[in-house]
Amino acid sequence: MVKGSRISSKLTNSASVKFFCHNSSPLSLALCTILLFTLTIFIFVLYSKDILEDQQKPLFSDDSRFHSQSRLLESSLHHKGQIVDDQLWDPPFSNGLHQCVQPTAKYKAAQESNNYMTVRSNGGLNQMRTGIADMVAVARIMNATLVIPQLDKRSFWKDSSAFSDIFDEIHFIASLHQDVRIVKELPMALETVPRARKHFTSWSGMSYYENMTQLWKDYQIIHVAKSDSRLANNDLPLDIQRLRCRTLYCALRFSPSIENLGKRLVERLRSLGGRYIALHLRYEKDMLAFTGCTHSLSSVESEELRILRENTNHWKVKKINSTEQRNAGLCPLTPKEMGIFIQALGYPPSTLIYIAAGEIYGSTSRLSDLTSRFPNVVFKETVATQEELEGFSNHASQTAALDYIISVESDVFIPSYSGNMARAVEGHRRFLGHRKTITPDRKGLIQVFDKLVAGQLQEEGSSLSKIVKKMHKNRSSALPFPNPTVWQAVSVLLLQGFIWMIEMSLNLQSFLMQLYSMTTMAIT
């Protein structure tokens, strides 16, 4: 009976609609359409609100939550160690972001050019890498043929390595052939041709380099004396930014000998401990002299560093207040401070730590403050054999490349100072999938370490760990995006809204066609 009445009701309503449509004026029909559309929008807004509320509601009701919490409490003791372990090693949430370096649809292949650009790279390995990536972009902007860059042989490290000793030259040229024409050397006919020698202005943008193309009127060759920091970071065309990334993370692959040994060392580290931390311990003589950081050093050591800084011509700042540097967070953390920091984060003493660095200033005596907390500290010299490292001796950039590979492939990367390598490795790790990098808050940690020395804070116990963990809650490569749950809810809402609008458009189109047909019939 109920079923029959529902059918009857439907028939009645249907008949009413037909009667209304056939007996209404075009104006009434238009108003009806607008009313229905407004009503539908209102319903959609309410539905959207429900979606967001559903995303934020607990999964269980109050009754089921009690039983769920009981089960969780029972299993928490068993799984607590695993949860803490995952928090220490798992990569941060990537918010769905991924590599995006391919050219846009409007990007055109490199044009043939008889104008050449020669480059002298300067600095250490990573300073040269970023400089070379910039010069590839500049060559593209200026429509120049790029000659394989010359590497710095006059820096602090006195490394005589050529480009092909460190990088895969053939791969570099081939992978960028659509972007920039690259040759190994100048044509012999141009060796004696006069060239424009330029120190391009630091952090220059597109307009600057477009104006520099005027040099081609008088010169066929431009020689760039320094490659670092020549190109602005922002306000560049998307394709130029993507070209820099392709160069840095894809084209500048290390030479086969470096790549092969680096991969072997990573495999050995995995066999030793499964997971490992790569600690870029920038506590080397050149860095301490350059920054003027002498905290905890003897007067003899401090004087040695001062003399080195005075005698290094390209280091412009000679007089540095070490205390002010340290309080401002501008000094690399010491081995002892890094040991305290990593321990406070919760990593157990058994953690395998690879030191990605050159010779530590003070050697064993300074490292003892780290190894006393973490005995499993290794270097490339202890992981590789003497025979494997023989070809790399006296080539600081090549050994730095090994450290770079091992750091990029590590489970966790922690730099003691935010120098060129620290930034390069962190960027590469994000590019490869947001691998975990923990950047110490040096300025904040100095205050903590000073309290430890003054006896106002104890290294043992939970207080220090809580302070350090809270300080670094958002310093592990996590990207500045909304809470994942809310972000996912908004994404679902937008997607459903988009689908709904398409369906509404189709339904409205069909309705208007019917409306037009009925109106025509009524007029006829």
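Residues numbered from 1 in each chain as written. Predicted model: local features only at pLDDT ≥ 70, side-chain atom pairs only at ≥ 80, totals over all residues. Heavy atoms only, no water.

Moving on, we come to the overall build of the chain. Counting its regular elements, the chain contains 21 helices and 10 strands. For the chain, buried positions account for 42% of its 524 residues. Sequence-distant contacts in the chain: of pairs separated by 6 or more residues, those separated by 24 or more amount to 80%. Working note: accessible area of the chain is about 29600 Å², and carbon and sulfur atoms make up 57% of it. (Helix = DSSP H or I, 4+ residues; strand = E, 2+ residues; numbered from the N terminus. Buried < 20%, exposed > 50% of the residue type's maximum accessible area, 1.4 Å probe, protein only. Contact = heavy atoms within 4.5 Å. Areas by Shrake-Rupley, 256 points an atom, 1.4 Å probe, with all protein chains shown as cover.)

Counting across every chain of the model gives one disulfide. Two residues, Cys293 and Cys331, share a disulfide whose sulfurs are 1.9 Å apart. Taking the sign of the S-S torsion, -90° for the link of Cys293 and Cys331, the bridge is left-handed. On the criterion of sequence distance, the pair formed by Cys293 in the loop between α10 (285-291) and α11 (299-311) and Cys331 in the loop between α12 (322-327) and α13 (335-345) is long-range, its members being 38 residues apart. One exposure class covers both Cys293 and Cys331, and it is buried. The thiol of Cys100 is not disulfide-bonded; the next cysteine sulfur, from Cys245, is found 9.4 Å away. Counting only cysteine sulfurs, Cys250 is the nearest neighbor of Cys245, a cysteine outside any disulfide, at a range of 8.7 Å. We classify Cys245 as partly exposed; its relative accessible area is 30%. (Disulfide = S-S within 2.5 Å.)

Of the residues in the chain, 74% reach a pLDDT of 70 or more, and the chain-wide mean stands at 82. Low pLDDT, under 50, characterises residues 46-74; the stretch is placed with 15 contacts to residues that sit more than four places away or in other chains. Taken together, the stretch residues 76-80 has pLDDT below 50 and engages in zero contacts with residues farther than four places along the chain or on a different chain. (pLDDT = per-residue confidence, 0-100.)

This part is about the sheet that holds strand β7 (residues 352-355). Pairing is parallel across the open sheet formed by five strands, whose spatial order is β8-β7-β6-β9-β10. Edge positions in the sheet fall to β8 (377-378) and β10 (436-437), since each has one partner strand and no second. Relative to strand β9 (residues 412-415), strand β6 (residues 276-280) runs parallel, the two being bridged by four bridges. Bridged to Leu279 within β9 is Ile414. (Pairing = 2+ DSSP bridges.)

An order of β3-β2-β1-β5-β4 is seen for the five strands of this open sheet, with the pairing classed as parallel. Each end of this open sheet is capped by a strand with a single partner; those strands are β3 (182-183) and β4 (196-198). As paired elements, strand β1 (residues 116-119) and strand β2 (residues 145-147) share two bridges and run parallel to each other. Paired with Tyr116 across the two strands is Thr145, which belongs to β2. Each of β1, β2 and β5 (221-224) touches helix α4 (residues 125-141); the most contacted strand, β1, lies at about 165° to it. (Axes fitted to C-alpha atoms, helices over the stretch in contact; angles between N-to-C directions.)

Moving on, we get to a positive patch on the surface. Together, Arg120, Lys153, Arg154 and Arg197 make up a positively charged patch on the protein surface. Using a relative accessible area of 63% as the deciding quantity, one classes Arg154 as exposed. (Patch = residues over 30% accessible without salt bridge, like charges linked within 9 Å, V, L, I, M, F, W, Y side chains within 5 Å. Salt bridge = Lys/Arg side-chain N within 4 Å of Asp/Glu carboxyl O. Lys, Arg positive; Asp, Glu negative; His and termini not counted. Charge placed at Lys NZ, Arg CZ, Asp CG, Glu CD.)

What follows deals with the packing of aromatic side chains. Tallied over the entire structure, the rule returns 10 aromatic pairs. Look at Trp89 and Tyr347: their rings are 5.3 Å apart centre to centre, the planes differ by 85°, and that puts the pair in the edge-to-face class. Here Trp89 is found in helix α3 (residues 62-89), whereas its partner Tyr347 is found in the loop between α13 and β7, with 258 residues between them in sequence. Overall, the relative accessible area of 3% leaves Tyr347 in the buried class. When the ring of Phe254 is compared with that of Tyr404, the centres are 5.7 Å apart and the planes differ by 75°; the resulting orientation is edge-to-face. (Phe/Tyr/Trp six-rings, centres within 6.5 Å; stacked < 30°, edge-to-face > 60°.)

Our focus in this paragraph is the environment of Phe163. Following the sequence through the fold, Phe163 ends up in helix α5 (residues 163-166). Along the primary structure Phe163 and Leu151 are separated by 12 residues, whereas in three dimensions their C-alpha atoms are 6.3 Å apart. In contact with Phe163, other than residues within four places in its own chain, are Ile132, Ile148, Pro149, Leu151, Glu169, Phe172 and Leu252.

Of note, Trp203 is a non-glycine position whose phi angle comes to about 55°, a positive value. Tracing the chain through its elements places Trp203 in the loop between β4 and α7 (206-212). For Ser363, which is not glycine, the phi dihedral falls at a positive 50°. Residue classification places Ser363 among the partly exposed positions, given a relative accessible area of 38%.

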